[in-house]
There are 2 protein chains.
Amino acid sequence: MKKSIGAKTILYPTPVLIVGTYDKTGKPNVMTVAWGGICCTTPPCVSISVREATYTYGSLMEQKAFTISIPPEHYVKQADFIGLVSGKDTDKFVATGLTPVKSDVVNAPYVAEFPLVLECKVIHFHKIGIHTQFIGEILDIKADEEVCGEKGPEIEKIKPFMWAPDSYRGYYGVGRHLGKAFSIGKNPK
Amino acid sequence: MKKSIGAKTILYPTPVLIVGTYDKTGKPNVMTVAWGGICCTTPPCVSISVREATYTYGSLMEQKAFTISIPPEHYVKQADFIGLVSGKDTDKFVATGLTPVKSDVVNAPYVAEFPLVLECKVIHFHKIGIHTQFIGEILDIKADEEVCGEKGPEIEKIKPFMWAPDSYRGYYGVGRHLGKAFSIGKNPK
């Protein structure tokens, strides 16, 4: 039997995206975004939702550019910290020891230590409610050599993690391989 | 060293969402959506991106309602199959043996066998490129008793899975618990 648990924001898996921007003085900042994901194949686009109260919101409006760095599981503490404090008061790169690198395609910094980076230009934004959704066109992806196999990035080498936006709020790594998409379901029963 | 791999749609983790709609004759249909996720906390909203060519697109426009059922890992074959065929030609409930249930809050069906369901009313949609993004306000969530603990749904009981939208296209389960959000990062070094 299913029971009603009310109008909540529970969905699995939910990503942990480290969004990099420059503020109006050119200072690099990062924020942790869980409300986001790919939203279009052609052109390749990703959406991120950000509250107006955040420091990143102003920088996104100013620069119309951002990066997404995917943290690997051994950086879970730093990714969590980046979501706990504001760039208004704290230099999060200094506080975490992470290294900002300027993207060569958009005016935004990414995190050198994280193995996969999306470089995005804001092409739309719209206020939904408390969150404003920014749509970024992905202009390039950068990946560390060590996380690439013959055909490109490999999730098992990157070791990204997810967040469970329920009352238990756990972070979880990637589990076992279950099968190949567009293949395992050919005989569905 | 990071290398450029081009403008692609690679992001980890990416969800596997089973979107349920009724067509204009009232026939239930499901589609597999990977481009989606929570996009606003208040009101609670989720976004899904759907191509105009799909059967679901017409039903979303007609009904302005949908559900998202989260498949557990032992239904990975069925979830993959639902993404391989069109509701135009195939009754996917019959083909998979899954059971449609009408939501009691929106005019859309969900999958009885899947343990967590979001019931959504379309409040916005906008064409980004090949995909149109639909924003659904979450009016209620239904969960099976067996996947709930004292504080509500638990990811370890639901056993959702993710998709890796890279060249290897694997499905992966949930891995080990890494820590608690808004907590583990208090001391980031």
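To be clear, the structure that these remarks concern was listed above.
A brief report on the enclosed structure follows. (Residues numbered from 1 in each chain as written. Chains lettered and ligands numbered in written order. Predicted model: local features only at pLDDT ≥ 70, side-chain atom pairs only at ≥ 80, totals over all residues. Heavy atoms only, no water.)

### What about the packing of aromatic side chains?
Move 1: Considering all chains together, one arrives at 12 aromatic pairs over all chains under this definition.
Move 2: When the ring of Phe-182 of chain A is compared with that of Trp-163 of chain B, the centres are 5.8 Å apart and the planes differ by 85°; the resulting orientation is edge-to-face. With Phe-182 of chain A in the segment after β15 (170–180) and Trp-163 of chain B in strand β14 (residues 161–163), this residue pair bridges two chains.
Move 3: A relative accessible area of 10% means that Trp-163 of chain B is categorised as buried.
Move 4: Summarising the aromatic geometry, the rings of Trp-35 of chain B and Trp-163 of chain B are spaced 5.9 Å apart at their centres and angled 40° between planes, so their arrangement reads as tilted. (Phe/Tyr/Trp six-rings, centres within 6.5 Å; stacked < 30°, edge-to-face > 60°. Helix = DSSP H or I, 4+ residues; strand = E, 2+ residues; numbered from the N terminus. Buried < 20%, exposed > 50% of the residue type's maximum accessible area, 1.4 Å probe, protein only.)

### A few points about the sheet that holds strand β2 (residues 14–15) of chain A
Move 1: Spatially, six strands are ordered β2(A)-β14(A)-β15(A)-β15(B)-β14(B)-β2(B) in an open sheet, and the strand pairing comes out antiparallel. Both outer strands of the open sheet, β2 of chain A together with β2 (14–15) of chain B, are each paired with one neighbouring strand and no more.
Move 2: Pairing of β2 of chain B with β14 of chain B, which is carried by two bridges, proceeds in the antiparallel orientation. Looking across to β14 of chain B, one finds that Thr-14 of chain B is bridged to Trp-163 of chain B. (Pairing = 2+ DSSP bridges.)

### Thoughts on the side chain of Lys-142 of chain B
Move 1: Checked against the element boundaries, Lys-142 of chain B lands in strand β11 (residues 131–144).
Move 2: On the basis of relative accessible area, Lys-142 of chain B is assigned to the buried category, the value being 7%.
Move 3: Of the polar contacts made by the side chain of Lys-142 of chain B, one reaches the side chain of Asp-140 of chain B; its length is 2.9 Å.
Move 4: Here Lys-142 of chain B is in contact with Lys-2, Lys-3 and Ser-4 of chain A together with Asp-104, Pro-115, Leu-116, Val-117 and Glu-119 of chain B, once residues within four sequence places are set aside. (Polar contact = N/O pair within 3.5 Å; in protein donor to acceptor, adjacent residues only side chain to side chain. Contact = heavy atoms within 4.5 Å.)

### Re the relation of the copies chain A and chain B
Move 1: If you rotate chain A by 180° and push it 0.0 Å along the axis, it lands on chain B with an RMSD of 0.0 Å. Taken together, the turn and the small shift mark the pair as related by a two-fold rotation axis. Of the C-alpha atoms belonging to chain A, the one lying closest to the rotation axis is found on Gly-175 of chain A, 1.8 Å away.
Move 2: Of the interface residues in chain A, 100% have counterparts in chain B that sit at the interface too, so the contact is made through matching surfaces. (Least-squares fit on C-alpha atoms with pLDDT ≥ 70 in both.)

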